[in-house]
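Okay, here's what each chain looks like letter by letter:
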Amino acid sequence: MNKTDRKGISSFRNVSDLRIQFYCEYRLFLKQLHGGTSSEASRGGTRLHSKIAVEVSKSAANRTILILLLVIIIISAIFWIWM
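Keep in mind the model is a prediction, meaning the values are calculated, not measured.

K.L.:
Give me the lowdown on the overall build of the protein, citing residues and values where you can.
P.N.:
Scanning the protein from N- to C-terminus turns up three helices and zero strands. When the helices and strands of the protein are read in sequence order from the N terminus, they spell out α-α-α. Burial statistics for the protein: of 83 residues in total, 0% are counted as buried.

In C-alpha coordinates, the structure reads:
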(Lines give C-alpha, C1' and ligand atoms only; values in the text may rest on other atoms or scores of the structure.)
Protein backbone atom coordinates (compact mmCIF):
# COMPACT_ATOMS: atom_id res chain seq x y z
CA MET A 1 0.00 0.00 0.00
CA ASN A 2 1.55 3.28 -0.99
CA LYS A 3 0.94 6.69 0.58
CA THR A 4 -1.78 7.64 -1.90
CA ASP A 5 -3.77 4.48 -1.06
CA ARG A 6 -3.79 5.23 2.67
CA LYS A 7 -5.70 8.54 2.48
CA GLY A 8 -5.81 9.75 6.06
CA ILE A 9 -4.28 6.73 7.71
CA SER A 10 -1.09 7.62 9.53
CA SER A 11 2.05 5.95 8.25
CA PHE A 12 3.17 5.41 11.85
CA ARG A 13 1.80 3.05 14.48
CA ASN A 14 1.59 4.05 18.14
CA VAL A 15 4.07 1.95 20.15
CA SER A 16 1.59 1.33 22.97
CA ASP A 17 -0.88 -0.15 20.45
CA LEU A 18 1.68 -2.76 19.48
CA ARG A 19 2.56 -3.48 23.11
CA ILE A 20 -1.08 -3.96 24.08
CA GLN A 21 -1.69 -6.23 21.10
CA PHE A 22 1.32 -8.40 21.99
CA TYR A 23 0.30 -8.46 25.65
CA CYS A 24 -3.19 -9.72 24.81
CA GLU A 25 -1.87 -12.40 22.45
CA TYR A 26 0.74 -13.54 24.97
CA ARG A 27 -1.85 -13.58 27.76
CA LEU A 28 -4.12 -15.77 25.61
CA PHE A 29 -1.17 -18.08 24.91
CA LEU A 30 -0.36 -18.38 28.63
CA LYS A 31 -4.02 -19.02 29.48
CA GLN A 32 -4.15 -21.83 26.93
CA LEU A 33 -0.84 -23.21 28.20
CA HIS A 34 -1.55 -23.07 31.95
CA GLY A 35 -5.32 -22.82 32.10
CA GLY A 36 -7.29 -20.29 34.11
CA THR A 37 -5.31 -20.75 37.32
CA SER A 38 -4.44 -17.78 39.49
CA SER A 39 -1.38 -17.28 41.64
CA GLU A 40 -1.32 -16.48 45.35
CA ALA A 41 -0.25 -12.94 44.48
CA SER A 42 -3.24 -12.58 42.18
CA ARG A 43 -5.65 -13.85 44.82
CA GLY A 44 -4.06 -11.55 47.42
CA GLY A 45 -4.48 -8.58 45.08
CA THR A 46 -8.13 -9.47 44.52
CA ARG A 47 -8.71 -9.64 48.29
CA LEU A 48 -6.97 -6.29 48.76
CA HIS A 49 -9.08 -4.64 46.05
CA SER A 50 -12.26 -6.04 47.60
CA LYS A 51 -11.26 -4.77 51.04
CA ILE A 52 -10.51 -1.29 49.70
CA ALA A 53 -13.83 -1.22 47.81
CA VAL A 54 -15.72 -1.99 51.04
CA GLU A 55 -13.83 0.72 52.93
CA VAL A 56 -14.48 3.28 50.21
CA SER A 57 -18.20 2.51 50.16
CA LYS A 58 -18.37 2.86 53.96
CA SER A 59 -16.50 6.17 53.73
CA ALA A 60 -18.89 7.41 51.03
CA ALA A 61 -21.90 6.45 53.16
CA ASN A 62 -20.47 8.28 56.19
CA ARG A 63 -19.72 11.34 54.06
CA THR A 64 -23.28 11.33 52.69
CA ILE A 65 -24.72 11.20 56.21
CA LEU A 66 -22.51 14.08 57.33
CA ILE A 67 -23.50 16.22 54.35
CA LEU A 68 -27.18 15.50 54.94
CA LEU A 69 -26.81 16.39 58.63
CA LEU A 70 -25.03 19.63 57.72
CA VAL A 71 -27.79 20.59 55.26
CA ILE A 72 -30.47 19.93 57.91
CA ILE A 73 -28.59 22.04 60.46
CA ILE A 74 -28.19 24.93 58.00
CA ILE A 75 -31.87 24.82 57.01
CA SER A 76 -32.89 24.69 60.68
CA ALA A 77 -30.64 27.66 61.46
CA ILE A 78 -32.11 29.69 58.59
CA PHE A 79 -35.67 28.99 59.79
CA TRP A 80 -34.74 29.80 63.40
CA ILE A 81 -33.16 33.13 62.40
CA TRP A 82 -36.01 34.03 60.07
CA MET A 83 -38.77 33.44 62.59
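K.L.:
Give me the lowdown on the pattern of salt bridges, citing residues and values where you can.
P.N.:
In this structure the tally under the stated criterion is two salt bridges. E40 is the salt-bridge partner of R43, the closest N and O atoms lying 3.1 Å from each other. One end of the pair, R43, and the other, E40, are both in helix α3 (residues 40-82), three residues apart, so they sit about a helical turn from each other. Residue classification places R43 among the partly exposed residues on the basis of a relative accessible area of 36%. The closest approach of N and O atoms between R47 and E40, which form a salt bridge, is 3.0 Å. Given the relative accessible area of 48%, E40 is considered partly exposed.

K.L.:
I'd like a description of the confidence of the model for the protein, backed by residues and values.
P.N.:
On average, residues of the protein carry a pLDDT of 78, and 73% of them reach 70 or more. Looking at the elements of the protein, mean pLDDT is at its lowest for helix α1 (residues 3-6), recorded as 52, and at its highest for α3, recorded as 88.

K.L.:
Could you give an account of a nonpolar patch on the surface, naming the residues involved and the relevant values?
P.N.:
On the surface, I67, V71, I75, F79, W82 and M83 cluster together to form a nonpolar patch covering roughly 740 Å² of accessible area. With respect to the helices, strands and loops of the structure, M83 is situated in the segment after α3. Take M83: its relative accessible area is 81%, and that puts it in the exposed class.

Here is what the cut-offs are and how they apply
- Residues numbered from 1 in each chain as written.
- Predicted model: local features only at pLDDT ≥ 70, side-chain atom pairs only at ≥ 80, totals over all residues.
- Heavy atoms only, no water.
- Helix = DSSP H or I, 4+ residues; strand = E, 2+ residues; numbered from the N terminus.
- Buried < 20%, exposed > 50% of the residue type's maximum accessible area, 1.4 Å probe, protein only.
- Salt bridge = Lys/Arg side-chain N within 4 Å of Asp/Glu carboxyl O.
- pLDDT = per-residue confidence, 0-100.
- Patch = residues over 30% accessible without salt bridge, like charges linked within 9 Å, V, L, I, M, F, W, Y side chains within 5 Å.
- Areas by Shrake-Rupley, 256 points an atom, 1.4 Å probe, with all protein chains shown as cover.

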